Each structure stands twice: as structure tokens, then as C-alpha cells.
Amino acid sequence: MVQENTTIFDPFLEAQSKPLLIKDRHFLRPEYIPDKLPHRDQLLNQLASILSTALRGERPSNILIFGKTGTGKTACAKFLGKEVRRKVETDDRAKKVNYLYINCKVVDTEYGILASIANHFAKTSDEQIPFTGWPMDKVYKTLKDRVEDARGVTVIVLDEIDQYVFKSNGDVLYHLTNINDELKNAKVSIIGITNDSKFTERLETRVKTRLGEENIIFPPYDAHELQDILKDRAVLAFFDQSALDPSVIPLCSALAAQEHGDARRALDLLRVAGELAERENSSKVTERHVHKAKNKIELDVQNEVIRSLPMHSKILLLSIVLENLEGQTQLTTGEVYQVYYELCRFARISPLTQRRITDLISELDMLGIITATLKSFGRGGGRTRIIRMSISPTEARHILSEDDELRRIVDYRSRQTKLF
DNA sequence: CGTCCACAGGAATCCCTGGGTT
DNA sequence: AACCCAGGGATTCCTGTGGACG
């Protein structure tokens, strides 16, 4: 069967050596920051005019940036960072400016945010603040000292800032917006980025006014603007533009425009469509590939969410799935908890309390895996949430059975019924 | 109109982890 | 070795509530 000098890899490697469509998919990734940001000149200028005061050694106003996902907020913030650094390095008339970027979805605790700001100024590895262990006041003091030592203006970008405030009370923001009162030789200004338009409502008034000295709103891209973005990237990413069916870019743009003008989604569609076309050894990317890409992306995202669920959430989801497969498509919290409890006992895992499970149900709801709506059935039924699946139970079951812990119990029900 | 069901969901507390300091 | 500290998950205890039933 297998010939000498050939391995099972060869067919795939051979396919790779054929003329491919994509030259470098890196340019289609959302995290790639291009040199030009189409249709964002206006906003960039606005931001630049605010930040230019920093280059003169004055503290720029704090800025709050609002905008849905994929409207270029992060790209613009990083782009500005590059430009600021370039200016400081090349023009000695420009005053010292430190520009640092923190994603609050990654570091989402008070400690983490303060520590990573301070660590930005750490010169050696032993100056690094450990990611846990120190008391808060010590972290804050080191941060203050280092910013003071660094002199000049420090611009701190806090991306997805709502993620942090959502979990904590926002004390860090209070400290950071007030830190200037305690600094003599340095100044700090904050750029907050959020996709939650109601974000400020959750802030204390004193923080709200400080942080929102300037508000900038990033509007969604319309289909035409998305097309311009995709065209720019396609030139970089594909060998030959004629490999793209003329209707492909407009279609990707139109689909993404439907979803609140998300550039990230548009790029994903184009990239995945290209990858699918390559895998089929097709010489062209067509509309059909885009539609396939759309389905694939949606399914992949959903499955990845399930895979990364903590164990008890998986068991909980499995209970809902099993009930659904038996025709019970509307369940109450109590019913679900019973099944969950059974499954846990079967798997010799100690079950969580119902209180905890109500929280996990809310989480699954927010993830879009299920919908849980509050309903009251009056006396005898009480007030509970009715839980429905918003994804395919069969598909969910399949993904759940990939888990080693759960494989033992996914068949629990069918084995039971076989016994009787 | 009051009762009462079956929970929702807030608050305080505990436990554990990963790290620090003394 | 003994103890401090932040943070996340979980538990315990609790009060609140929409609406069918009587």
C-alpha cells in the first residue's frame, strides 16, 4: 500500500505545493493592523488632535471610545500608539510619551490591571510584579513611583473596559483618573474603549465625569466601507485578485453589514471562504464558498464555546440536551437540576447546589447556548425559568461526548432505558 | 384579595490556589 | 513554618415575586 519514500503526509504536502489562492492569511486576521485604516481618517484625526497635547508635555483629556465589535476601535488605538512612538523617537522636540495598551478581557482584575501598568515600566525581570501575592496598596504605590520616575505623559489604553467594570466595582478607574493629583513630574491620561453604550451608567458619577472628558463614537461600517477594507486586505493576502469571484467581496461585506457592520466578521468570512476554496482545490473563491464559510464560522464558534465550558456547566448542558433528545424541549430549573443531580451521582461527581446551578444557567443563556425566560405558573407551578435550547441538541451532544469525563455519562439515559 | 408555589437572585461567608513576607 | 493577600468558585442563608388558585 504505502510505497517506499512516501508517507501519509505526502498527499497533503503535495496539495500545498499546488498553486494556492492565499499568499498570506495573516493579512486577513482581525488583529493585523494595516498602515491605512479606510474610512477612519476623521476619527483618527479627532483622536490625534486630542493626543497631540501629550507630545507638548501636557496631559490630554481622558477619552472614552464607544463602538460595536469590529468597528476599528482597537485598530485605531494601536495605530495611534505606533504613531505616537514614531513621533517621540524621530522628533526630539516631542516630549516623552509612554503609550500602553491593556485588554481588560485578558487582565480583568484590579490587581492585574495595576500590575501590568507597573510592569510596563519594569526594566529587569526581577522588577516584575508577580501576578499575585502583593497587597493592593503596595502594587499601587509601585505603579505610582514608576510612572513618576518615567516622567512625561503616560497614556493608558484600557480596551474592553466594560469587561472589568462588569466584574468589579471600578475602583481602579477611580484611582487612575485621580492619580494626577499625586504625581509631580508625570501625567497620566486614560483612553477607555467599550462596546457597551450603556457602560457609563454603571460608573460612579465622580469616575464618569473624569473618564468621559471626551467621548468618541465609532459608527458601524456600512457595506461599501467594508468592501474597501476587504479590497485592501485581499490585495495583500491573495496571490491573484482574479481568483476572487467579483461577487465575493460584496457578499462578505453585505453579510457582515447585516451584523451591525462588523469588519472582523467580514474578514473572517473572506479568509474562511478562501481556505475552503483552497481545500477543495478550487481555482476560484465563489459565493458558494462564502455561504459555506458563514455556516462553518457560526458552528465553529458555537462548538468552541461548548468545548471550553467548565465541567459542571457541561454536565448541566448535557442534562438539558438529554431531556431535549427525549422530546422535553421546555424545562424548568427544577427539572433540569434533578437530571443534573442524577448525572452527577452516576458519574461519582459531587453535584453543585441549586443556587450555583441557577448562575450556570444564566451563563449558558448569555453564551447563547440556551434561552432561559422567566415565567410564573402561579400557585402549584411557582416562578421559574423555562429553559430551551437554542442550538441543535444532537450537535451539542456530539461535542460534549468529546470530553473524556463526559463520555462515560452521555449514554447514561439510553443505557437506562435499555435495562427496562 | 390573600395565599402560596418554586424558584430568582442578593449578601455574607468559606475554601482553595498561587504567591508574598516575616 | 506561620501567616498575610487577592481573587475565583461554591455554599449558606436569605428575602423577593408573578400569577393561578381558593
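Note that the structure is a prediction, hence the values are computed from the model and not measured.

### Things to note about the domain arrangement of chain A
Each assigned domain of chain A is listed with its residue range as follows: domain 1 (41–218), domain 2 (222–305) and domain 3 (309–400). Distance between the C-alpha centres of domain 1 and domain 3: 41 Å.

### So, helix H16 (residues 393–400)
Within the span of H16, buried status applies to Ala-396, Ile-399 and Leu-400. Axial view of H16: buried residues confined to an arc of 100°, hence all on one face. In this fold, the buried residues of H16 make contact with helix H12 (287–307), helix H13 (311–325), strand E8 (383–389) and helix H17 (404–410).

### Digging into the protein's contact with DNA strand B
Contacts to DNA strand B come from 21 residues, most closely from Phe-131, Thr-333, Arg-355, Thr-358 and Gly-381. Near-protein atoms of DNA strand B (within 4 Å) split between backbone and bases, with sugar and phosphate holding 63%. Here a base nitrogen of DNA strand B sits 3.2 Å away from a polar atom, N or O, in the main chain of Arg-383. Considered class by class, the residues forming the surface near DNA strand B number 4 nonpolar, 12 polar and 5 charged.

### Quick look at the pairing of strand E7 (residues 370–376)
Where E7 lies against E8, 7 bridges are found, and the strand directions are antiparallel. Paired with Ala-372 across the two strands is Ile-387, which belongs to E8. Taking the residues that link successive antiparallel strands as the turn, the E7-E8 hairpin has 6 residues, and the phi of Gly-378 there is positive, at about 70°.

### Thoughts on the sheet that holds E8
If you trace the 3 strands from one edge of the open sheet to the other, you get E6-E8-E7, paired in antiparallel fashion. A strand with exactly one partner marks an edge of an open sheet, and here the two such strands are strand E6 (331–332) and E7.

### Re the pattern of salt bridges
For side chains bearing opposite charge, pairing can occur when the charged atoms are close. One pass over the structure, following the stated rule, counts 24 salt bridges. The closest approach of N and O atoms between Arg-407 and Asp-404, which form a salt bridge, is 2.3 Å. Here Arg-407 and its partner Asp-404 are both found in helix H17, 3 residues apart, which amounts to about one turn of the helix. A salt bridge links Glu-405 to Arg-408; the shortest N-O distance between them is 3.8 Å. Pair noted here: Glu-405 and Arg-408 are both in helix H17, with a separation of 3 residues, about one helical turn. Glu-405 sits in the partly exposed class, given a relative accessible area of 39%. For Arg-408, a relative accessible area of 42% gives the class partly exposed. Because the salt bridges share partners, they merge into one network encompassing Arg-25, Asp-268, Arg-271, Glu-275 and Glu-278.

Thresholds, definitions, all that
Residues numbered from 1 in each chain as written. Chains lettered and ligands numbered in written order. Predicted model: local features only at pLDDT ≥ 70, side-chain atom pairs only at ≥ 80, totals over all residues. Heavy atoms only, no water. Domains from an automatic or database assignment. Buried < 20%, exposed > 50% of the residue type's maximum accessible area, 1.4 Å probe, protein only. Helix = DSSP H or I, 4+ residues; strand = E, 2+ residues; numbered from the N terminus. Arc of directions from axis to C-beta. Contact = heavy atoms within 4.5 Å. Near = heavy atom within 4 Å. Polar contact = N/O pair within 3.5 Å; in protein donor to acceptor, adjacent residues only side chain to side chain. Nonpolar A, V, L, I, M, F, W, Y, C, P; charged D, E, K, R; others polar. Pairing = 2+ DSSP bridges. Salt bridge = Lys/Arg side-chain N within 4 Å of Asp/Glu carboxyl O.

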